[in-house]
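# Remarks on the overall topology
Residue strings, one per chain:
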Amino acid sequence: MGCTERSLTRAALDAEGISAKEYVSRRLGLEAKRLLIHTEWPVGVIADHLGFNEATHFSKFFRRISGVTPQQFRSANGHG
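Residues numbered from 1 in each chain as written. Predicted model: local features only at pLDDT ≥ 70, side-chain atom pairs only at ≥ 80, totals over all residues. Heavy atoms only, no water.

## So, the confidence of the model for the protein
- Of all residues in the protein, 98% have pLDDT values of 70 or greater, and the mean over the chain is 93.
- Confidence, expressed as mean pLDDT per element, reaches its minimum in the protein at helix H1 (residues 5–16) with 90 and its maximum at helix H3 (residues 43–49) with 98. (pLDDT = per-residue confidence, 0-100. Helix = DSSP H or I, 4+ residues; strand = E, 2+ residues; numbered from the N terminus.)

## Observations concerning the nonpolar core
- Residues Ala32, Leu35, Leu36, Val43, Ile46, Ala47, Leu50, Phe52, Phe58, Phe61, Phe62 and Phe73 constitute the largest nonpolar core, which totals twelve residues.
- Broken down by secondary-structure element, the contributors of at least two residues to this core are helix H2 (20–38), H3 and helix H4 (55–66).
- Ignoring sequence-local partners within four residues, the contact set of phenylalanine 52 consists of Leu28, Ala47, His57, Phe58 and Phe61. (Core = buried A, V, L, I, M, F, W, Y, C linked by side-chain atoms within 4.5 Å. Buried < 20%, exposed > 50% of the residue type's maximum accessible area, 1.4 Å probe, protein only. Contact = heavy atoms within 4.5 Å.)

Laid out in structure tokens, this is it:
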């Protein structure tokens, strides 16, 4: 992006009131939820699409931000 991590975090704090890491996590979580609801893609494909090296890393990330597994989220939202 052409800036330091510190500059990026400062800009995110000024604009959104959260760290750059938190901003990216929220955006990834939102996109993951959108893909789980609006596609039939397997969780592993969604993980790969979002840049996770392993589906297990994606599942841990998703559970941390949402409180449920990707499969539980998908089932609760009409797929499953």
